[in-house]
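What the coordinates show
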Amino acid sequence: LGMPTPKVYIIEDKAPNAMATGRDPMHAMVAATTGLLAVMDDRELEGVMAHEMGHVQNYDIRVTMIGFGLVSAVALLSDIVMRVLFYGDRRDVHPIVLVVGVVVVILAPIVAMMIQLAISRQREYLADASGAMTTRDAEGLARALEKLQKFGQPMRRQTTSTSHLFLNNPLKSGFLSKLFSSHPPLEERIKRLRDNASSF
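Residues numbered from 1 in each chain as written. Predicted model: local features only at pLDDT ≥ 70, side-chain atom pairs only at ≥ 80, totals over all residues. Heavy atoms only, no water.

Tallied over the full model, the rule gives 14 salt bridges. Notably, a salt bridge pairs Glu44 with Lys147, separated by 2.9 Å at the nearest N-O pair. Here Lys147 lies in helix H5 (residues 138-151) and Glu44 lies in helix H2 (residues 42-57), a separation of 103 residues in the sequence. On the basis of relative accessible area, Lys147 is assigned to the partly exposed category, the value being 22%. Measuring nitrogen to oxygen at the nearest pair gives 3.5 Å for the salt bridge that ties Glu124 to Arg189. (Salt bridge = Lys/Arg side-chain N within 4 Å of Asp/Glu carboxyl O. Helix = DSSP H or I, 4+ residues; strand = E, 2+ residues; numbered from the N terminus. Buried < 20%, exposed > 50% of the residue type's maximum accessible area, 1.4 Å probe, protein only.)

What follows is the structure, encoded as structure tokens:
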């Protein structure tokens, strides 16, 4: 790829997963769990590592941090509006402005978070494509994702603030976690890889 070799780590966890982080290729780091190393063959592991290097190559951590900053700014503005509306002098505020303000306070953070999640999902598709182009082997990554479907499980130590860094969502599955997931469904990722295999 013409990039510096990142630092490579192994995470002691039975859940098969991998991650990448770093603000740019000069400060990148990739990691795989012991669970991933146990279930993947060399071809699949190569696809996974190429996917993670795709995140580094595409500056995805920087893009995600900008998205997180924008969501935080919207939440802060929403909080300011809420305090002005509820603790300020409301005698001069028209009732319609008050209602619109309350709606904005409630909806703005939710919409901002949904946009952030949509960006994160698209970056996963991009990293899949970048990884397939690097190895010229979309099937290797597709097979790895199929193994994640079969053997995937939540990681022991998990947090929503870092879940977007991983190859697969490391959080416990459930309706809300799927709705607010930072990752697209594995089935869709596999389908896209196989449908576009000749393009890579």
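This brings us to the sheet that holds strand S1 (residues 7-11). Strand order in the open sheet formed by three strands is S1-S3-S2, with mixed pairing between adjacent strands. In the strand order of this sheet, the two ends are held by S1 and strand S2 (18-21), each with one partner. When strand polarity is set aside, the average angle formed by the axes of neighbouring strands in this sheet is 20°. Along the sheet, H2 contacts S2 and strand S3 (29-33); its crossing angle with S2, the most-contacted strand, is approximately 20°. (Pairing = 2+ DSSP bridges. Axes fitted to C-alpha atoms, helices over the stretch in contact; angles between N-to-C directions. Contact = heavy atoms within 4.5 Å.)

Turning to the environment of Ser199, a few remarks are in order. Tracing the sequence through the fold places Ser199 in the segment after helix H7 (186-195). A relative accessible area of 58% places Ser199 in the exposed class. Along the backbone, Ser199 and Arg136 are 63 residues apart, and their C-alpha atoms lie at a distance of 9.3 Å.

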